[in-house]
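The primary structure of each chain is shown beneath.
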Amino acid sequence: MGLQKGKQLCRMVWAGSVCLVVLGLFPGVAMALTVNAPQEVPLGKPFRIQITAEAGLSEIGVHWLGSVLHLPVGGGEKAESFECLLGSDVKSASAGEYALEVRARRGGQEVVVRRWVRLAEAAYPLQRLSLPSSQVDLSQSALDRHYREKARVMRALSRSSPAKHWRLPLKRPVPQAVGSVYGLRREINGQPRSPHRGVDFRAPAGTPVRSVAAGRVALVGDHFFAGKSVYVDHGWGMVSMYFHLRGARVQEGERVGRGAVLGRCGATGRVTGAHLHFGLSLLGQLVDPLPLLNVSSGQ
Ligand SMILES: [Zn+2]
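For clarity, every value in this text was computed on a predicted model and none was experimentally measured.

This part covers the overall build of the chain. Regarding its fold elements, the chain presents 4 helices and 21 strands. The buried share of the chain, taken over its 299 residues, is 43%. Of the roughly 14100 Å² that the chain leaves accessible, carbon and sulfur atoms contribute 51%.

Turning to a positive patch on the surface, a few remarks are in order. On the surface, Arg167, Lys171, Arg210, Arg249 and Arg258 cluster together to form a positively charged patch. Looking at the element boundaries, Arg258 is found in the loop between strand E18 (255-256) and strand E19 (261-265).

Let us look at the coordination of the zinc ion. Here the zinc ion is held by the protein donor atoms His196 (NE2), Asp200 (OD) and His277 (ND1), which lie 2.0 to 2.1 Å from it. For the zinc ion, the donor residues sit on a single chain with the sequence spacing H-x3-D-x76-H. In terms of burial, His196 and Asp200 fall into one category: buried.

When pLDDT is averaged along the chain, the result is 86, and 88% of the positions lie at 70 or above. Considering only residues more than four positions removed or in separate chains, one finds that residues 1-30, a stretch of pLDDT under 50, has 53 contacts.

Attention now goes to the environment of Asp233. Along the polypeptide, Asp233 turns up in strand E16 (residues 227-235). What makes Asp233 buried here is its relative accessible area of 4%. Spatially, the C-alpha atoms of Asp233 and Ser161 are 7.5 Å apart, while their sequence positions differ by 72 residues. With residues up to four places along the chain from it excluded, the contact list for Asp233 reads Arg159, Ser161, Ala214, Gly215, Arg216, Ala218, Met238 and Val239. At 3.0 Å, the side chain of Asp233 forms a polar contact with the backbone nitrogen of Gly235.

So, on to the sheet that holds strand E10 (residues 126-129). In space, the 3 strands of this open sheet follow the order E10-E11-E12, with mixed pairing throughout. Since the sheet does not close on itself, it has two edges, and those belong to E10 and strand E12 (191-192), each with one partner. In the sheet, strand E11 (residues 185-188) pairs with E12 via 2 bridges, with the strands oriented antiparallel. Its bridge partner lying in E12, Glu187 is registered against Pro192.

Reading the values: rules and limits
Residues numbered from 1 in each chain as written. Predicted model: local features only at pLDDT ≥ 70, side-chain atom pairs only at ≥ 80, totals over all residues. Heavy atoms only, no water. Helix = DSSP H or I, 4+ residues; strand = E, 2+ residues; numbered from the N terminus. Buried < 20%, exposed > 50% of the residue type's maximum accessible area, 1.4 Å probe, protein only. Areas by Shrake-Rupley, 256 points an atom, 1.4 Å probe, with all protein chains shown as cover. Patch = residues over 30% accessible without salt bridge, like charges linked within 9 Å, V, L, I, M, F, W, Y side chains within 5 Å. Salt bridge = Lys/Arg side-chain N within 4 Å of Asp/Glu carboxyl O. Lys, Arg positive; Asp, Glu negative; His and termini not counted. Charge placed at Lys NZ, Arg CZ, Asp CG, Glu CD. Donors = N, O, S within 2.8 Å, 3.2 Å for Na, K, Ca; no water. pLDDT = per-residue confidence, 0-100. Contact = heavy atoms within 4.5 Å. Polar contact = N/O pair within 3.5 Å; in protein donor to acceptor, adjacent residues only side chain to side chain. Pairing = 2+ DSSP bridges.

Structure representation (structure tokens):
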């Protein structure tokens, strides 16, 4: 069932893909770069692109929404293919057409392939809550703390280590069902709040929380909102995050394997009960991780 859903996603993502080849800027120069990318993707959803570069190309960079993913080109005699993941953040991105550019060099010449990807509005559910203002309003010291912690998190998310350690589908971090989905729009006491930029799993306290792929621990935090949290850099712009842990079992800089226990589920940070909040960043964009995990919201 899960695998079937994954195949359906692949078909959906690849449907409508077109292939562009840009030859060298000068006639007769054998230089080609091929990019397959979807023409339209819902806001917040991850998507795959595939790049094929002829031998001899170097410095391949994927430019998307203000960030760059540098691909490790071998410089050998054969053409090379790369499969990358990109996405958009439901909080910061807006619907519209965005340029996806792949740039490469051979010698002193630059090759640029530009594709336009339409980010389409997506219907995410709305949740209305009424809470006492004492539970909603933050003190200045809490806000100051949050902004300091946010700066550290932004640095961790901007990582893009050159080795790719992930493969699809990603491993489930916990076996439990999904509670709150990604993109949930929240309104507290009539005021719109930030949308939910991760997935909550209904995991009881003590459940082992596992890394969705191999990688290196980029950050271990004890933050105001996220509580005890672990961030893992999986390479090629992918960073996964695990919040509200009872405690972390790993240290910053440590290498972890796919499925390694990072900590145990808890209720630390600003939560009302134990659960796992799982988030995924692709080049700094927090995307819906479910399509990559082969988990439906009903499971
Ligand atoms: Zn959450």
